[in-house]
Amino acid sequence: MKLYLIVALGSGVGGFLRYAISDVVYKYSPSLFPYGTLFVNIVGSFLLGFILFYLDAVKLISAEMRLFLTIGLCGGLTTFSTFSYETVKLIQDSEYLLAGSNILLNVFVTILAVFLAAFISKIIIGG
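As the structure is a computational prediction, the values presented were derived from the model and not from experiment.

**Q** Can you help me understand the overall build of the protein in this one?
**A** Within the protein, the regular secondary structure consists of 5 helices and 0 strands. Projecting the C-alpha coordinates of the protein onto the three principal axes gives extents of approximately 50 × 35 × 25 Å. A burial count over the protein gives 34% of its 127 residues as buried. In the protein, of all internal contacts separated by at least 6 residues, the share reaching a separation of at least 24 is 72%. For the protein, the accessible surface area stands at approximately 7700 Å², while carbon and sulfur atoms represent 74% of it. In the protein, 7 side chains carry a positive charge and 6 a negative one; their mean positions are 11 Å apart.

**Q** In this structure, what is going on with the side chain of Ser-45? I would like to understand it.
**A** Tracing the backbone through its elements, the reader meets Ser-45 in helix 2 (residues 35–55). A relative accessible area of 11% places Ser-45 in the buried class. Here the side chain of Ser-45 touches Asn-41 through a polar contact of 2.8 Å, landing on its backbone oxygen. In contact with Ser-45, other than residues within four places in its own chain, are Thr-78, Thr-110, Ala-113 and Val-114.

**Q** Can you walk me through the pattern of salt bridges in this structure?
**A** Between side chains of opposite charge, pairing is possible as soon as their charged atoms come close. Applying the stated criterion to the full structure yields 3 salt bridges. A salt bridge links Lys-27 to Asp-23, with the nearest nitrogen and oxygen atoms 3.5 Å apart. With a gap of 4 residues between them, Lys-27 and Asp-23 both fall in helix 1 (residues 2–27), about one helical turn apart. A salt bridge links Lys-89 to Asp-93, with the nearest nitrogen and oxygen atoms 3.3 Å apart. The exposure class assigned to Lys-89 is partly exposed, which follows from its relative accessible area of 33%.

**Q** Please explain a nonpolar patch on the surface as it appears in this structure.
**A** A surface patch of nonpolar side chains, about 440 Å² in accessible area, is lined by Met-1, Tyr-4 and Leu-5. Relative to the assigned elements, Met-1 resides in the segment before helix 1. Under the relative-accessibility criterion, Met-1 is labelled exposed at 73%.

**Q** Looking at this structure, I do not really get the nonpolar core. What am I missing?
**A** One broad rule of soluble globular proteins: the nonpolar side chains tend to lie buried together. Listed in full, the 9 residues of the largest apolar core are Ile-6, Ile-51, Tyr-54, Leu-55, Ile-61, Phe-68, Leu-69, Leu-73 and Cys-74. Elements represented by at least two residues in this core include exactly helix 2 and helix 3 (63–77). With 4 residues, the top contributor of residues to this core is helix 3.

Reading the values: rules and limits
- Per chain, residues are indexed from 1 in the order of the written sequence.
- Local features in this predicted model are restricted to residues of pLDDT 70 or higher, and side-chain atom pairs are both shown and tallied only at a pLDDT of 80 or more, whereas totals for entire chains, interfaces and linings draw on every residue.
- Side-chain measures here rest on the full set of heavy atoms in the structure, leaving out hydrogens and waters.
- Helix and strand definitions follow DSSP, with helices as H or I runs of at least four residues and strands as E runs of at least two, each counted in order from the N terminus.
- Note on exposure labels: buried denotes an accessible area under 20% of the residue type's maximum, exposed denotes more than 50%, and partly exposed covers the range between, all computed with a 1.4 Å probe on protein chains only.
- Note on definitions: a residue-residue contact is assigned when non-hydrogen atoms from the two residues lie within 4.5 Å.
- A 1.4 Å probe and the Shrake-Rupley method give the accessible areas. Residues count as covered only by the protein chains that appear here.
- Here the positive residues are Lys and Arg and the negative ones are Asp and Glu; neither His nor the chain ends is included.
- Charge positions are represented by NZ for Lys, CZ for Arg, CG for Asp and CD for Glu.
- Contacts described as polar in this section are N or O atom pairs within 3.5 Å, which, within protein, must combine one atom able to donate a hydrogen with one able to accept it, while residues neighboring in sequence count only if both atoms come from side chains.
- We define a salt bridge as a side-chain nitrogen of Lys or Arg found within 4 Å of a carboxyl oxygen belonging to Asp or Glu.
- Residues with no salt bridge and a relative accessible area higher than 30% make up the patches, which join like charges within 9 Å and nonpolar side chains (Val, Leu, Ile, Met, Phe, Trp, Tyr) within 5 Å.
- Here, nonpolar core means buried Ala, Val, Leu, Ile, Met, Phe, Trp, Tyr and Cys residues that are tied together by side-chain atoms lying within 4.5 Å of each other.

Printed below as a string of structure tokens:
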């Protein structure tokens, strides 16, 4: 039960951060494209990669903290369900170019963010 509570707490923090970060991004970006969702997906992917490729690899975090940060915080922060809805909405609104851009950017840039985190972690570790 303790591990479930750890994940739930991390998810709450991640969800709070998702809302707060997205809100700031949406205030300063054009309204047609879902930049807030894209931004939190990139940040969440980078954080997940850094946590797993660096913090966990050099044993700087406990198993409980790993659960809190990965499944909890990053799971609550990233928004692929929102991404999916926003993509469908763009398609329904006949915004095909924006929908395609949303798919490509969210999928490929978040994967790139994980690779970047792995690369930076390797440099920090000294490998």
